[in-house]
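Inside the fold
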2 protein chains.
Amino acid sequence: MDGTGLLALSEERQGQVDAVLARFFSLAKNRAAAFGPQYVTLWETLEQNTIGGKRFRPRMVMAAYQALGGQDAEAAANIGAAFELLHTALIVHDDVIDHDFVRRGVPNISGTYRDFATANGRSDRVAEHSGISAAVIAGDLALFNSYRLIDRSGVNDVTRARLIEVMDEALFASAAGELIDVDFSIQAEVPRVDDILTMERLKTAVYSFECPLQAGAILAGASDEVVTTLGDFGREIGIAYQIVDDLLGVFGTEAETGKTTVGDLREGKRTVLIAYATSTREWAEVGDLFGCEDLTDEDAARLRDVLVACGARSFTEGLARYYANRALARLAEPHIPPALRAELHPVADAVLGRVR
Amino acid sequence: MDGTGLLALSEERQGQVDAVLARFFSLAKNRAAAFGPQYVTLWETLEQNTIGGKRFRPRMVMAAYQALGGQDAEAAANIGAAFELLHTALIVHDDVIDHDFVRRGVPNISGTYRDFATANGRSDRVAEHSGISAAVIAGDLALFNSYRLIDRSGVNDVTRARLIEVMDEALFASAAGELIDVDFSIQAEVPRVDDILTMERLKTAVYSFECPLQAGAILAGASDEVVTTLGDFGREIGIAYQIVDDLLGVFGTEAETGKTTVGDLREGKRTVLIAYATSTREWAEVGDLFGCEDLTDEDAARLRDVLVACGARSFTEGLARYYANRALARLAEPHIPPALRAELHPVADAVLGRVR
């Protein structure tokens, strides 16, 4: 997922979340030292893999919390950091599933450990095994500790229990979405638009938007009504965000997204855009190019032209706007305090702003 | 790890633990149904992979708890079930790391999903990917929910916090041990005896013996002194158990261990037995056979003969007895209540009884 400046954490909040994570990793590394230097290296590598992110989920937690009058920025930073660590766990294991050794152009945990092993003269096969093993272990540690960060955040027991329910929901949904995604990847047919939306909602939107916003609201002691509405807002805007993200993966610029805009077409990523296109007559001309390992820049340009000509692009952009508008409608509900509306409106605007 | 009857849970306790797990999985499956039948199948597969175990870790929790006067069998069963689920998570991910599709002669989660995919006409490569992906996801769910089972066990908050510290320690150690084990597997040299003992202690003994016993004692409200001594007992007996397990992997009978006694020799598993043997003159005659993918039964018999002749077997048996005796010495300490001693003595006897 890529964000724009508007979706990033404010510097102050980012600093608070970073401080929580730095403290967490510092403690873990000290503790790991008793088990040998290799273990410290694993924790360092895990820490490296949490740095440089946009702290998007903490932003959602803290935005909801502070706009709802929460005063304990430290507690909110802890809960935000917990969601950040959950995110790390999920992407680390997602990379294991996808057999990816690179993320955003730099080696991920598997890639780092593969490189270590290669530098030590291991064969490619052994080096890959070493990389994947380290990522499985590191992801487990991140997952377990996402829970622990909430647990040790110092909030009262009733709130803690509710926050942990929310995080449980986040993982439960994300695992379901990941499972559907794996299933998509082994199916010959392109799934239907609504199945893709369900997958993306479960795999990413719930844990990235819906649950962090709810957690912030719960921590601020908001009413159930507000918590529910915020969850609804998060779901709608999260879906919109994923749709836009998939659009940018094909039509964005590399400067904007930090990744090649040929990648998704080359690997045959099943998105709303593609699901729509495959239902049109025009797709027959170019369908064979989609998912071609040796797709050229010219092929990609041809695919893009057809995606525009067949109406897939405009349909998908319209769908993103539809979900963003639905999200805005939730914010307009009378029980949403103006400060919260002011805080979250720019999030929806930023998503809309990413569609021309 | 294999147990004997003496190490198994009593029928009554087993029933209590099974009931907790059955209820947990029933709730999870109901909840999963809202996400589609595929997700229910994943939970069913995960449940299948927790059935048929000896409930060894719950036995440790409940033995310590009840012998220390604990009356709330339901709470102890919950904590025991939490450790059982942690065990499931760790072996499911261990199988991912080892690229194993079978455990104890039946398909594990990866194997089950690989078979599903094969039956649906997928290629071997795609079917393996599907299998491994499902196992990564299922292991994450088991791991997270091992925590949740403690969380929802209904114990008071102070006890809950302490129990979660113990489980944290269990995972922290196990991840360290797994990392060392992966490192062993990619090294050309056989590690030293003490490095193997450290790895086995961290990877398995801590979470299987030390932490479950401590959890049971904490739940029973035992003194710190008793909790510490029980932890020490668990560590020593856990190491003894692992040493014996490795011995049985080479010298046991298939009836006894449920697995082939050629497997460890064929895959080149680095154990105390082998670490000792490689330091002897005799090993040079047969060293090349060790870890041979096409090791025959005759080769295995030759390896076994040398392992006896070079003194590795008797050294290793002696080492197991040493750790078991050290464990018994801890039980003999005066602050250990007689009921607890009576409960745990048979555990040490059972381990010793597995060495001729």
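By the naming in an unreviewed UniProt entry, chain A is Polyprenyl synthetase family protein, taken from Antiquaquibacter soli. Reading the Sequence similarities (unreviewed entry) entry of the UniProt record for chain A gives the comment "Belongs to the FPP/GGPP synthase family." UniProt annotates chain A under Cofactor (unreviewed entry) with the comment "Mg(2+)".

1. Re the overall build of chain A
Secondary structure assignment for chain A yields 16 helices and two strands. Expected size for 356 residues packed as a compact globule is a radius of gyration near 21 Å; at 21 Å, chain A falls within 12% of this value. For the C-alpha atoms alone, the extent of chain A along its principal axes is close to 65 × 60 × 30 Å. Put simply, chain A has 356 residues, and 59% of those count as buried. Considering only intrachain contacts with a sequence separation of at least 6, the fraction spanning at least 24 residues in chain A is 73%. Carbon and sulfur atoms form 50% of the exposed surface of chain A, whose accessible area is close to 13500 Å². In chain A, 35 side chains carry a positive charge and 53 a negative one; their mean positions are 2 Å apart.

2. Some points on the relation of the copies chain B and chain A
Of the transformation placing chain B onto chain A, the axial shift is 0.0 Å and the rotation is 180 degrees, giving an RMSD of 0.1 Å. In the structure described here, the two chain copies are related by an operation that fits a two-fold rotation axis. In terms of proximity to the rotation axis, the leading residue of chain B is phenylalanine 144 of chain B, whose C-alpha is 3.1 Å off the axis. A shared interface surface links the copies, since 100% of the contact residues of chain B are contact residues in chain A too.

3. Some remarks on the nonpolar core
Core analysis: the largest hydrophobic core is formed by 218 residues, its most contacted members being Tyr39 of chain A together with Tyr39 of chain B. Tyrosine 39 of chain A has contacts with Ala32 and Leu141 of chain A together with Phe172, Ala175, Ala176 and Leu179 of chain B, leaving out every residue within four places of it along the chain.

4. Quick notes on the pattern of salt bridges
One pass over the full model with this rule turns up 56 salt bridges over all chains. In this structure, aspartate 168 of chain A engages arginine 31 of chain B in a salt bridge whose closest nitrogen and oxygen atoms are separated by 2.9 Å. You can see aspartate 168 of chain A sitting in helix H7 (residues 157-186) and its partner arginine 31 of chain B sitting in helix H1 (residues 11-33), one on each of two chains. Between lysine 269 of chain A and aspartate 246 of chain A there is a salt bridge, with its nearest N and O atoms 3.1 Å apart. Residue lysine 269 of chain A is located in the loop between helix H11 (263-267) and helix H12 (272-277), and its partner aspartate 246 of chain A is located in helix H9 (residues 224-251); the two are separated by 23 residues in the primary sequence. You can call aspartate 246 of chain A buried: its relative accessible area is 2%.

5. Regarding helix H5 (residues 109-119) of chain A
One turn of an α-helix holds 3.6 residues; hence residues three or four places apart share an orientation. Residue and element names in this part refer to chain A. Within the sequence span of H5, burial applies to Ile109, Ser110, Gly111, Thr112, Tyr113 and Ala117. Looking at the buried side of H5, the elements it contacts are helix H2 (37-48), helix H4 (73-98), strand E2 (106-107) and helix H6 (124-151). Its side-chain oxygen 3.2 Å from the backbone nitrogen of serine 110, asparagine 108 forms the N-cap of H5. The first or second residue beyond H5 is glycine 121, which carries a positive phi of 85 degrees.

6. Observations concerning the packing of aromatic side chains
Counted under the stated rule, the structure contains 33 aromatic pairs over all chains. Aromatic pair tyrosine 113 of chain B and phenylalanine 116 of chain B: ring centres 5.0 Å apart, planes at 70 degrees, arrangement edge-to-face. Taken as a pair, tyrosine 113 of chain B and phenylalanine 116 of chain B lie in helix H5 (residues 109-119) at a separation of three residues, close to a single helical turn. The class for tyrosine 113 of chain B is buried, based on a relative accessible area of 8%. You can call phenylalanine 116 of chain B partly exposed: its relative accessible area is 36%. Three or more aromatic residues joined by ring pairs form one cluster here, namely Phe24, Phe25, Phe35, Tyr39 and Trp43 of chain A together with Phe172 of chain B.

7. Some thoughts on the side chain of arginine 55 of chain B
Residues and elements named next belong to chain B. Relative to the assigned elements, arginine 55 resides in the loop between helix H2 (37-48) and helix H3 (56-67). For arginine 55, a relative accessible area of 4% translates into the label buried. Within polar-contact distance, the side chain of arginine 55 engages the side chain of aspartate 18 at 2.7 Å. Looking at arginine 55, its side chain comes within polar contact range of the side chain of glutamate 84, at 3.2 Å.

8. Topic: the interface of chain B and chain A
Every contact between the two is made by 49 residues of chain B and, on the other side, 49 residues of chain A. With both sides pooled, the region where chain B packs onto chain A buries about 4900 Å², and carbon together with sulfur makes up 65% of that total. Contact with chain A buries area across many residues of chain B, yet Phe144, Tyr147 and Phe172 of chain B alone supply 16% of it, more than any other trio. Between arginine 148 of chain A and aspartate 168 of chain B there is a salt bridge; the shortest N-O distance is 2.5 Å. Connecting chain B to chain A are 26 residue pairs in polar contact (both at pLDDT 80 or more). Those elements that place two or more of their residues in the side of chain B that touches chain A are H1, H2, helix H4 (73-98), helix H6 (124-151) and helix H7 (157-186) of chain B. With 19 residues, the top contributor of residues to the side of chain B that touches chain A is H7 of chain B. Residue composition of the side of chain B that touches chain A, grouped by class: 27 nonpolar, nine polar and 13 charged.

9. Here we look at the environment of aspartate 246 of chain A
Separated by 70 residues in the primary sequence, aspartate 246 of chain A and threonine 316 of chain A have C-alpha atoms spaced 9.4 Å apart. Among residues more than four places away in sequence, those in contact with aspartate 246 of chain A are Glu200, Asp264, Lys269 and Thr271 of chain A.

10. Brief notes about helix H1 (residues 11-33) of chain A
Between its terminal C-alpha atoms H1 of chain A stretches 32 Å, which fits the 33 Å expected from 23 residues at 1.5 Å a residue. Buried within H1 of chain A are the following residues: Arg13, Val17, Val20, Leu21, Phe24, Phe25, Ala28 and Ala32 of chain A. Residues of H1 of chain A that are buried sit in contact with H2, helix H3 (56-67), H4, H6 and helix H16 (338-353) of chain A together with H7 of chain B.

11. Quick word on the packing of H7 of chain A against H2 of chain B
Interaxial distance between H7 of chain A and H2 of chain B falls to 10 Å at its minimum, and their mutual angle equals 105 degrees. Taken together, the axes of H7 of chain A and H2 of chain B are roughly perpendicular relative to one another. Residues Phe172, Ala175, Ala176, Leu179, Ile180 and Asp183 of chain A of H7 of chain A touch H2 of chain B, and the partners they reach there are Gln38, Tyr39, Leu42 and Trp43 of chain B. Considered class by class, the residues forming the contact of H7 of chain A with H2 of chain B number eight nonpolar, one polar and one charged.

12. Observations concerning the side chain of arginine 304 of chain B
Residue and element names in this part refer to chain B. For arginine 304, the location among the structural elements is in helix H14 (residues 297-309). Despite its burial, arginine 304 remains without a salt bridge, the nearest opposite charge being carried by aspartate 297 at 6.5 Å. Not counting chain neighbours up to four residues away, the residues in contact with arginine 304 comprise Val250, Phe251, Thr261 and Val262.

13. With respect to unusual backbone geometry
Even without a glycine there, the phi angle at histidine 99 of chain A is positive, about 60 degrees. Within the secondary structure, histidine 99 of chain A is located in the loop between H4 and strand E1 (102-103).

14. Some details on the confidence of the model for chain A
Interpretation of this model should avoid reading the predicted coordinates in detail wherever pLDDT is low. On average, residues of chain A carry a pLDDT of 92, and 96% of them reach 70 or more. Low pLDDT (under 50) marks residues 1-5 of chain A, which in the prediction has 22 contacts with non-local residues, meaning those over four places away or in another chain.

15. Looking at the environment of alanine 89 of chain A
Residues and elements named next belong to chain A. Checked against the element boundaries, alanine 89 lands in helix H4. Overall, the relative accessible area of 1% leaves alanine 89 in the buried class. As for alanine 89 and tyrosine 65, which are separated by 24 residues in sequence, their C-alpha atoms are 24 Å apart. Contact partners of alanine 89, with chain neighbours within four places excluded, come to Gly139, Ala142 and Leu143.

Conventions we followed
Within every chain, residues take consecutive numbers counted from 1 along the sequence as written. Key to labels: chains lettered from A, ligands numbered from 1, both in the order written. Thresholds applied to this predicted model are a pLDDT of at least 70 for local features of residues and 80 or more for the giving and counting of side-chain atom pairs; totals over whole chains, interfaces and linings are not thresholded and use all residues. Side-chain calculation: all heavy atoms of the structure are included, whereas hydrogens and water are not. UniProt positions are given in the numbering used here, feature names are shortened, and annotations may be inferred rather than shown by experiment. A run of H or I in DSSP becomes a helix once it reaches four residues, and a run of E becomes a strand once it reaches two; helices and strands are each numbered from the N terminus. With C-alpha atoms as the basis for the radius of gyration, the globule rule is written as 2.2 Å multiplied by the number of residues raised to the power 0.38. The buried label goes to any residue with under 20% of its type's maximum accessible area, the exposed label to any with over 50%, and the partly exposed label to all in between, with areas taken from a 1.4 Å probe on protein chains only. In this analysis, two residues are considered to be in contact whenever any of their non-hydrogen atoms come within 4.5 Å of each other. Surface exposure here means Shrake-Rupley accessible area, sampled with a 1.4 Å probe, where a residue is shielded only by the protein chains that are shown. Positive charges come from Lys and Arg, negative ones from Asp and Glu, while His and the chain ends are left out of the count. For the purpose of locating charges, the reference atoms are NZ of Lys, CZ of Arg, CG of Asp and CD of Glu. Least-squares fitting of one copy onto the other uses the C-alpha atoms of those residues that reach a pLDDT of at least 70 in both copies. The term nonpolar core refers to a set of buried residues drawn from Ala, Val, Leu, Ile, Met, Phe, Trp, Tyr and Cys, joined through side-chain atoms within 4.5 Å. Salt bridge, as used here: a side-chain nitrogen of Lys or Arg that lies within 4 Å of a carboxyl oxygen of Asp or Glu. The term polar contact refers here to a pair of N or O atoms within 3.5 Å; inside protein, the definition further demands a hydrogen-donor-capable atom paired with an acceptor-capable atom, and it admits residues adjacent in sequence only when both atoms are side-chain atoms. Between 30 and 60 degrees the pair is tilted, below 30 it is stacked and above 60 it is edge-to-face, where a pair is any two Phe, Tyr or Trp rings, Trp via its six-membered ring, whose centres lie within 6.5 Å. Buried area counts how much accessible surface, traced with a 1.4 Å probe, disappears from two parts once they are put together, with both parts' losses summed. Following the grouping adopted for this structure description, the nonpolar residues are Ala, Val, Leu, Ile, Met, Phe, Trp, Tyr, Cys and Pro, the charged ones are Asp, Glu, Lys and Arg, and the polar ones are all others, Gly among them. In this scheme, a helix's expected span is set at 1.5 Å multiplied by one less than its residue total. Lines fitted to C-alpha atoms define the axes, with helix axes restricted to the stretch in contact, and inter-axis angles between N-to-C directions lie between 0 and 180 degrees. Any angle that is under 35 degrees is reported as roughly parallel, and any over 145 degrees as roughly antiparallel; angles of 65 to 115 degrees are reported as roughly perpendicular and all others as oblique. pLDDT measures the predictor's confidence residue by residue and takes values from 0 up to 100.

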